[in-house]
Amino acid sequence: MKRVSLTQYLVEEQRLNNSIPAELRLLIEVVARACKTISHAVGKGALGEVLGTAGSENIQGEVQKKLDILSNEILLEANEWGGHLAAMASEEMESIHPIPNRYPQGEYMLLFDPLDGSSNIDVNVSIGTIFSVLKAPEGMGKPTEQDFLQPGSKQVAAGYAVYGPQTVLVLTTGNGVNCFTLDREMGSWVLTQRNMQIPEDTKEFAINASNTRHWYPPVTRYVDEMLAGGTGPRGKEFNMRWIASMVADVHRILNRGGIFMYPADKREPDKAGKLRLMYEANPMSFIVEQAGGASTDGKQRMLDIQPEKLHQRVAVFLGSKNEVERVTQYHQE
Ligand SMILES: O=P(O)(O)OC[C@H]1O[C@](O)(COP(=O)(O)O)[C@@H](O)[C@@H]1O
Ligand SMILES: [Mg+2]
Ligand SMILES: [Mg+2]
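Because the structure is predicted, anything quoted here is derived from the model rather than measured.

Cut-offs used in this document
- Residues take numbers from 1 onward in each chain, read along the sequence in its written order.
- Chains carry letters from A onward and ligands carry numbers from 1 onward, assigned in written order.
- Local features in this predicted model are restricted to residues of pLDDT 70 or higher, and side-chain atom pairs are both shown and tallied only at a pLDDT of 80 or more, whereas totals for entire chains, interfaces and linings draw on every residue.
- Side-chain calculation: all heavy atoms of the structure are included, whereas hydrogens and water are not.
- Only N, O and S atoms count as donors, using a 2.8 Å limit from the metal and a wider 3.2 Å limit for Na, K and Ca, and since water is excluded some coordination spheres may look unfilled.
- Burial classification: accessible surface area is computed with a 1.4 Å probe over protein chains only, and a residue below 20% of its type maximum counts as buried, one above 50% as exposed, and the rest as partly exposed.
- Whether a residue is near a molecule or strand is decided by its heavy atoms; if any one of them lies within 4 Å of it, the residue is near.
- Polar contact criterion, stated in full: a pair of N or O atoms within 3.5 Å, where within protein one must be able to donate a hydrogen and the other to accept it, and residues adjacent in sequence count only if both atoms are side-chain atoms.
- In this description, accessible areas are obtained by the Shrake-Rupley approach with a 1.4 Å probe, and a residue is regarded as covered only by the protein chains that are shown.
- Centres within 6.5 Å are what make two rings of Phe, Tyr or Trp a pair, Trp counting through its six-membered ring; a difference in plane orientation under 30 degrees is then read as stacked, over 60 as edge-to-face, and the rest as tilted.
- Helix numbers and strand numbers start at the N terminus; a helix is a DSSP run of H or I with at least 4 residues, a strand a run of E with at least 2.
- Each ring is checked for a lysine NZ or an arginine CZ that lies within 6 Å of its centre and within 35 degrees of its normal; such an atom marks a charge sitting over the ring.

Enquirer: Whenever I open this one, the coordination of the magnesium ion (ligand 2) confuses me. Can you help?
Expert: Put simply, a metal with four donors set out as a tetrahedron has ideal angles of 109.5 degrees, and one with six donors set out as an octahedron has ideal angles of 90 or 180 degrees. Note on the magnesium ion (ligand 2): its protein donors are Asp113 (OD), Asp116 (OD) and Glu280 (OE). The metal-donor distances range over 1.8 to 2.1 Å. Spacing between the donor residues of the magnesium ion (ligand 2) along their common chain follows D-x2-D-x163-E. A separation of 3.7 Å is found between the magnesium ion (ligand 2) and the magnesium ion (ligand 3), which share Asp113 as a coordinating residue. Taken as a pair, Asp113 and Asp116 share a single burial class, namely buried.

Enquirer: How should the site of ligand 1 be read in this particular structure?
Expert: Taken together, 17 residues lie near ligand 1, and Asp116, Gly117, Asn208, Met246 and Tyr262 sit nearest. For ligand 1, an oxygen atom lies 2.7 Å from a polar atom in the side chain of Asp116. Between an oxygen atom of ligand 1 and a side-chain N or O atom of Asn208, the distance comes to 2.8 Å. Contact with the protein chains removes 88% of the 470 Å² of surface that ligand 1 exposes when unbound.

Enquirer: Hey, could you run me through the packing of aromatic side chains in this one?
Expert: Describing an aromatic ring pair means giving the distance of the ring centres and the angle of the ring planes. Summed over the entire model, instances satisfying the criterion amount to four aromatic pairs. With a centroid separation of 5.3 Å and an interplanar angle of 65°, the aromatic rings of Tyr9 and Phe180 are classed as edge-to-face. Here the residue Tyr9 occupies a position in helix α1 (residues 6-17), and Phe180 occupies one in strand β9 (residues 177-183), the gap between them amounting to 171 residues. A relative accessible area of 6% means that Tyr9 is categorised as buried. Relative to Tyr330, the ring of Tyr222 has its centre 6.1 Å away and its plane inclined at 75°; by these criteria the two rings are edge-to-face. Taken together, the residues span a long stretch of sequence, with Tyr222 in helix α5 (residues 217-227) and Tyr330 in helix α8 (residues 321-332) at a distance of 108 residues. Both residues of the pair, Tyr222 and Tyr330, belong to the buried class. By the ring-pair criterion, three or more aromatic residues cluster together here, those being Trp242, Phe260 and Tyr262. In this arrangement the basic side chain of Arg221 is found over the ring face of Tyr330, its NZ or CZ atom lying 3.6 Å from the centre.

Enquirer: Looking at this structure, I do not really get the environment of Leu85. What am I missing?
Expert: Position of Leu85 among the secondary structure elements: in strand β3 (residues 85-90). In the structure, Leu85 is positioned 128 residues away from Arg213 in sequence and 44 Å away in space, judged by C-alpha atoms.

Structural data, given as structure tokens:
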């Protein structure tokens, strides 16, 4: 197999499809390099003293792990110097991070969940990084939070890295989804899967079932019907997986189909789910749609939601198209 590096892929994609201007290519390469650095830190584990909590909380009141903070710093530092960015925003930072001397020239804005799947850090289970790239609005002055509040359909690129048995980077720039594997000896990202496709149908679902008693009726109905198996209304057996790292669950779905759900529930009726629209739901929805899947918040297409707040939470149903349509339909009945 001819080895194609991330850089070669990006350059070729621009030549053939004119979809990745040089500035965006450089930005993606800087993010990919930061992911490589995070992957090294993750791989050192206890030896690198990166495990455990940091003794602080983020803006959403979640306890921060040392690796949450370290990954955030790695991404900030890499992009301050390397990218064509006007500003960044992160799940781990209360407010946006304008880049000094870079606006109004900076053309892009980067958002990230620096370390996804935090509860798995200390137990050596796959974790990752999720990122999303938006265009800076025309004539933008000093960036404000408002500039970031664009629907997911405006993303020009999105991707995630999984730090697992293999370190992979999955990327879309709006022309399909491709997967790159980190060659740890050579230190380079190598294209290993082209044009990933999510099958429309599936027999596998992912949800944190410990919340069953808190679910609203459409989710209860949908899951109950799957659990009823071959003799139930669906007439087939379903399997369940829940890794508790969105990156790993979505990566499985991109490879063999499935539906991932993190619904809103009755525990906190005012909270629209756990996951974050701008750092998790939107980039993953862009990727999933580009791979032929679907993504909604139970009511509407995720990428059409007009964000109201940077740290907005949202219910998530994504993956195999026919299943996402079914559970969304149940919300409407
Ligand atoms: O612990 P729970 O409730 O099962 O939630 C797991 C979900 O929370 C997350 O860990 C949230 O992301 P962070 O780790 O970035 O906060 C997802 O990756 C995962 O799908
Ligand atoms: Mg996350
Ligand atoms: Mg996180």
